[in-house]
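# Descriptive analysis of the structure
Chain residues, written in single-letter form:
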Amino acid sequence: PTAASLRQADAHGHRMRQTKSGVWFDSAADIWSYRDGVNNVSLDFGSLVGISQKYLDSAKQVLAWYAQKHSPDHLKNMFTRLQHFILAIARTEVESIGSADILNYRTLLKPDTAWYVGTLSGLLRKWNQLGYPGVDQDAVLLLKQLRLKGNAKGVSVLTMDTHDGPLTNLEVE
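Predicted, not measured: the structure shown is a model, and the values here were computed from it. (Residues numbered from 1 in each chain as written. Predicted model: local features only at pLDDT ≥ 70, side-chain atom pairs only at ≥ 80, totals over all residues. Heavy atoms only, no water.)

### Some points on the packing of aromatic side chains
Aromatic rings in a pair are described by how distant their centres are and how their planes are angled relative to each other. For the structure shown, the criterion picks out eight aromatic pairs. Taken together, Phe-25, Trp-32, Tyr-34, Phe-45 and Phe-79 form an aromatic cluster joined through their ring pairs. Sitting over the face of the ring of Phe-45, Lys-60 holds its NZ or CZ atom 5.6 Å from the ring centroid. Across the ring face of Tyr-116, the terminal group of Arg-81 is positioned such that the distance to the ring centre comes to 3.6 Å. (Phe/Tyr/Trp six-rings, centres within 6.5 Å; stacked < 30°, edge-to-face > 60°. Lys NZ or Arg CZ within 6 Å of the ring centre and 35° of its normal.)

### A few points about the nonpolar core
Membership of the largest hydrophobic core comes to 42 residues, with the highest contact counts inside it found for Trp-32, Leu-63, Leu-75, Leu-82 and Ile-102. If you list the elements that add at least two residues to this core, you get strand E3 (31-36), strand E4 (39-44), helix H2 (53-69), helix H3 (72-88), helix H4 (99-108), helix H5 (116-130) and helix H6 (137-145). When residues of this core are assigned to their parent elements, the largest contribution, nine residues, is made by H2. Setting aside anything within four residues of it in sequence, one finds Leu-63 in contact with Trp-32, Phe-45, Leu-75, Met-78, Phe-79, Leu-82 and Leu-123. (Core = buried A, V, L, I, M, F, W, Y, C linked by side-chain atoms within 4.5 Å. Buried < 20%, exposed > 50% of the residue type's maximum accessible area, 1.4 Å probe, protein only. Helix = DSSP H or I, 4+ residues; strand = E, 2+ residues; numbered from the N terminus. Contact = heavy atoms within 4.5 Å.)

### A few points about the pattern of salt bridges
All told, the structure shown has two salt bridges when counted by the stated rule. Among the salt bridges present, the one from Lys-60 reaches Asp-30, with a minimum N-O distance of 2.9 Å. Of this pair, Lys-60 sits in helix H2 while Asp-30 sits in the loop between strand E2 (24-26) and E3, placing them 30 residues apart in sequence. Taking the relative accessible area as the measure of exposure, Lys-60 reaches 3% and is therefore buried. A salt bridge links Lys-76 to Asp-73; its shortest N-O distance comes to 3.6 Å. With Lys-76 and Asp-73 both in helix H3 and three residues apart, this pair spans about one turn of that helix. (Salt bridge = Lys/Arg side-chain N within 4 Å of Asp/Glu carboxyl O.)

### With respect to the environment of Trp-127
You can see Trp-127 is positioned in helix H5. Among the residues examined, Trp-127 registers a relative accessible area of 0% and is labelled buried. Separated by 13 residues in sequence, Trp-127 and Val-140 place their C-alpha atoms 9.6 Å apart. Sequence-distant contacts of Trp-127, that is, excluding residues within four places in its chain, are made with Tyr-55, Ser-58, Ala-59, Val-62, Leu-82, Tyr-132, Pro-133, Gly-134 and Val-135.

### Regarding the pairing of E3
Residues Trp-32, Tyr-34 and Asp-36 of E3 are buried on one face, while the alternating residues Ile-31, Ser-33 and Arg-35, pointing to the opposite face, are not. Summarising the sheet, E3 and E4 pair through six bridges and their orientation is antiparallel. Residue pairing across strands places Arg-35 opposite Asn-40, the latter belonging to E4. Taken together, E3 and the strand that follows it, E4, pair antiparallel across an intervening segment of two residues, in which Gly-37 is found at a positive phi of about 65°. (Pairing = 2+ DSSP bridges.)

So this is what it looks like as structure tokens:
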């Protein structure tokens, strides 16, 4: 976008942000859809049902930080983990995340998805660190104390998975 279009967008209350690789997007939009290098990014904030507008606005700000500082794949992963979490703890209207929400979520996960809490931990701790409302201090303290597993690494290569396994020289090129 041009400087004039950015000023015009700012005058209308939009929050134009730039990704790590230089792509501009409107962080106030309900759908973020853009191409960043070879990655298509499409985040539909309308799918985050059961949350307050204040919580939604905070989530957008935190995820905009991820878009500015990290890869598109990492941003999409953070959004997906947040989306799964929100759907799992579904209550009338989420205003803020507390330690009970995290513990309840953890009990819902299977052993092969327990790593979701570890990824979510990074997001929620960064959320709190950035100062946006939506994550209670007791949740942050709990996340610091929990021993969290990471996702399984190298399984698709070791098992020669035909979809996600090791790439041939031709596929690498």
